[in-house]
Amino acid sequence: MSKPICSTGLRWLWLAVLVVILDLGSKFLVMGHFQLGESMPLIPFFNLTYAHNPGAAFSFLADKGGWQRWFFALIALAIVIILLVLMYRSNAAQRLNNIAFAMIIGGALGNLFDRMVHGFVIDFIDFYVNDWHYPIFNLADSFICVGAVLVVLEGFLAKPNAAAKSKG
């Protein structure tokens, strides 16, 4: 039996669309104004640095022969599908989880777009201390991380009665 979309967590998909727009828009601006490897200091510990990442987080598997592009694309698609199902099954009133899932979906789709169109993910956020640089990342990565933190936070904030009812 189907239920109205607005009563499900899918009601929050507008946030995923916003995340994709912000992510792809920021990458478009960086690609249009920077040469690959070019860096612009903004404040003493933060640069905008245009980089390509053919791997995953922290350039994991970046130096492999190209198969990782498809591997990470399949993982992103699987995650998006699973989260869409979870959102459909959840109530729209479960805000924190649905917001978290929408942020993860938007970030995954932003990076998936890069992988499919460019063959790599465009990164540009560069934090550093002295000569140590945190791995360069992008807005999609940020939204995925914030979404994951919100999922964990929701686990700690879940009402004990709700957890007991779902188990039994």
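Just so we're clear, the structure is a prediction, and the values are computed from it rather than from any experiment.

Draft legend 1. Representation of the pattern of salt bridges. For the structure on display, the rule yields two salt bridges. In this structure, Asp-23 engages Lys-27 in a salt bridge whose closest nitrogen and oxygen atoms are separated by 2.7 Å. Of this pair, Asp-23 and Lys-27 both sit in helix H1 (residues 13–33), four residues apart, which is roughly one turn of that helix. Looking at Lys-27, the relative accessible area reads 2%, which means it is buried. As a salt-bridge pair, Asp-114 and Lys-27 come within 2.7 Å of each other at their nearest N and O atoms. Of this pair, Asp-114 sits in helix H3 (residues 95–118) while Lys-27 is found in helix H1, placing the two residues 87 residues apart along the sequence. One network of salt bridges, in which partners are shared, links Asp-23, Lys-27 and Asp-114.

Draft legend 2. Expanded view of unusual backbone geometry. The residue Asn-130 is not glycine, and still its phi comes out positive at about 55°. You can see Asn-130 is positioned in the loop between strand S3 (121–129) and strand S4 (132–133). We classify Asn-130 as exposed; its relative accessible area is 68%.

Draft legend 3. Layout of the UniProt feature "active site" (unreviewed entry) in the protein. Under the UniProt annotation, the feature "active site" (unreviewed entry) is placed at Asp-123 and Asp-141. Taken along the chain, the residues just named run across 19 residues; in space they keep tight, none of their C-alpha pairs more than 9.0 Å apart. By the element assignment, Asp-123 lies in strand S3. Ignoring any residue separated from it by four or fewer positions in sequence, one finds Asp-123 in contact with Thr-49, Tyr-50, Ala-51, Asn-53, Ile-136, Phe-137, Asn-138 and Asp-141. Checked against the element boundaries, Asp-141 lands in helix H4 (residues 139–157). When residues no more than four places from it in sequence are discounted, the contact partners of Asp-141 are Asn-111 and Asp-123.

What counts and what doesn't
Residues numbered from 1 in each chain as written. Predicted model: local features only at pLDDT ≥ 70, side-chain atom pairs only at ≥ 80, totals over all residues. Heavy atoms only, no water. Salt bridge = Lys/Arg side-chain N within 4 Å of Asp/Glu carboxyl O. Helix = DSSP H or I, 4+ residues; strand = E, 2+ residues; numbered from the N terminus. Buried < 20%, exposed > 50% of the residue type's maximum accessible area, 1.4 Å probe, protein only. UniProt positions renumbered as here; feature names shortened; annotations may be inferred. Contact = heavy atoms within 4.5 Å.

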